[in-house]
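As a plain string of letters, each chain reads:
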Amino acid sequence: NLRGRFIFSRSCPMLILILSFLLSPVSALDISGYTLEHRFRENGAFSQMDGTSIKSSSGVLTLVSGGHVFSTDEKQQLQESARAGYMYSVRMPAKNEEYIEASIRSCQIIASRMRLKLTVSVNDAGDPIAIHMSTPKYDCSYDISESFMNLPDLSISLALQKPKLGPSPETAKYLEKLEKQREEMARAEQSDNRSFFAKYWTYIIPAVFLFILFSSMQDPNAAGGNIGGGNQQ
């Protein structure tokens, strides 16, 4: 009995931890979802893409379903949008109750046999901040007379674009270089104990020589004028 009580007392905290983890709410697991919506023309109303959503778990986005089953009405709307040259748009919610949206020509989707790639840009926290949409084919070369009933279901692939950090400045090496230059200048000043004249005599002597030379020179015209004036008196 004592042994059984000892085993139970040791396993009880583990059982409590497991039960609290299993009974914890979904928000505590940091799992949330983003519902995708689409429309077939500009200024049209968005409708939910049933069966297709993006899940976020600890900052990692994953596509729950890689396809959307188009109804007969949606296939007809897509073909009419392609014939009219309209844009097909997809949006998903972001933070602050806002949406991020991407658009592409409807004819590109039909020409690519309903294959679509979504590229979601995320920030450092893993939250979506932008969305881009592309198809394997960028032209609209397809048989426009083909019935919309022959269109396959939409196949979606997801790609994530995370922020890239640029090269960090080498601050430590730069400060080390400045410190070395400062030490070299200090050593140079301490080792040179000469007087001011001994340091700069190469500049002082030429300046004094030029000053004496220009001071000793006189204007000959001024000297002749003084002599002539004395004779007139």
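Residues numbered from 1 in each chain as written. Predicted model: local features only at pLDDT ≥ 70, side-chain atom pairs only at ≥ 80, totals over all residues. Heavy atoms only, no water.

**Overview of the sheet that holds strand β7 (residues 115-122)**
Then, in step 1: If you trace the four strands from one edge of the open sheet to the other, you get β4-β9-β7-β8, paired in mixed fashion. The sheet terminates laterally at β4 (67-68) and β8 (128-134), the two strands that pair on one side only. (Pairing = 2+ DSSP bridges. Helix = DSSP H or I, 4+ residues; strand = E, 2+ residues; numbered from the N terminus.)

**Some words on the state of the cysteines**
Then, in step 1: One pass over the full model with this rule turns up one disulfide.
Then, in step 2: The disulfide partner of Cys107 is Cys140, and the S-S distance across this bridge is 1.8 Å. Of this pair, Cys107 sits in helix α3 (residues 106-111) while Cys140 sits in the loop between β8 and β9 (154-161), and the two are 33 residues apart along the sequence. (Disulfide = S-S within 2.5 Å.)

**Notes on the nonpolar core**
Then, in step 1: Membership of the largest hydrophobic core comes to 29 residues, with the highest contact counts inside it found for Leu78, Tyr88, Met92, Met133 and Leu154.
Then, in step 2: Residue contributions to this core peak at four residues, all from β7.
Then, in step 3: Excluding its chain neighbours within four sequence positions, the residues that come into contact with Met133 are Tyr88, Ser89, Val90, Ala102, Ser103, Ile104, Leu116, Lys117 and Leu118. (Core = buried A, V, L, I, M, F, W, Y, C linked by side-chain atoms within 4.5 Å. Buried < 20%, exposed > 50% of the residue type's maximum accessible area, 1.4 Å probe, protein only. Contact = heavy atoms within 4.5 Å.)

**Quick look at the packing of aromatic side chains**
Then, in step 1: Summed over all chains, the structure comprises two aromatic pairs.
Then, in step 2: Residues Phe40 and Phe70 carry aromatic rings whose centres are separated by 6.1 Å and whose planes lie at 75° to one another, so their mutual orientation is edge-to-face. In this pair, Phe40 sits in the loop between β1 (31-39) and β2 (47-57) while Phe70 sits in the loop between β4 and α2 (72-84), placing the two residues 30 residues apart along the sequence.
Then, in step 3: Residue classification places Phe70 among the buried residues on the basis of a relative accessible area of 6%.
Then, in step 4: Aromatic side chains Phe40 and Tyr88 sit 5.6 Å apart centroid to centroid with 55° between the ring planes, which places their arrangement in the tilted category. (Phe/Tyr/Trp six-rings, centres within 6.5 Å; stacked < 30°, edge-to-face > 60°.)

**Notes on the side chain of Thr119**
Then, in step 1: Of note, Thr119 is situated in strand β7.
Then, in step 2: We classify Thr119 as buried; its relative accessible area is 15%.
Then, in step 3: Excluding residues within four positions of it along the chain, Thr119 makes contact with Ala130, Ile131, His132, Ala159 and Gln161.

**Digging into the side chain of Glu74**
Then, in step 1: Summarising the element assignment, Glu74 is placed in helix α2.
Then, in step 2: We note that Glu74 is buried and unpaired, the nearest opposite charge coming from Lys75 at a distance of 8.9 Å.
Then, in step 3: Leaving out residues up to four positions away in the same chain, Glu74 has contacts with His38, Phe40, Ser47, His68 and Val69. (Lys, Arg positive; Asp, Glu negative; His and termini not counted. Salt bridge = Lys/Arg side-chain N within 4 Å of Asp/Glu carboxyl O.)

**Here's the deal with the pattern of salt bridges**
Then, in step 1: Across all of its chains, the model carries four salt bridges by this definition.
Then, in step 2: Where Glu101 meets Arg39, a salt bridge forms, and the shortest distance between an N and an O atom there is 3.3 Å. Of this pair, Glu101 sits in strand β6 (residues 99-105) while Arg39 sits in strand β1, and the two are 62 residues apart along the sequence.
Then, in step 3: Using a relative accessible area of 15% as the deciding quantity, one classes Arg39 as buried.
Then, in step 4: We note a salt bridge from Arg182 to Glu179, for which the minimum N-O separation is 2.6 Å. With a gap of three residues between them, Arg182 and Glu179 both fall in helix α4 (residues 171-191), about one helical turn apart.

**Some words on the confidence of the model for the protein chain**
Then, in step 1: The share of residues in the protein chain with pLDDT of 70 or more is 71%, and the mean pLDDT across the chain is 75.
Then, in step 2: Mean pLDDT per element in the protein chain: helix α1 (residues 2-22) is the minimum at 48, and β6 is the maximum at 93.
Then, in step 3: A low-confidence stretch, residues 21-31 stays under pLDDT 50, and its non-local contacts, those more than four residues away or across chains, total 10 contacts. (pLDDT = per-residue confidence, 0-100.)

**A word on the environment of Gln108**
Then, in step 1: Within the secondary structure, Gln108 sits in helix α3.
Then, in step 2: A relative accessible area of 7% means that Gln108 is categorised as buried.
Then, in step 3: Not counting residues up to four positions away in its chain, the partners in contact with Gln108 are Thr135, Lys137, Tyr138, Asp139 and Cys140.

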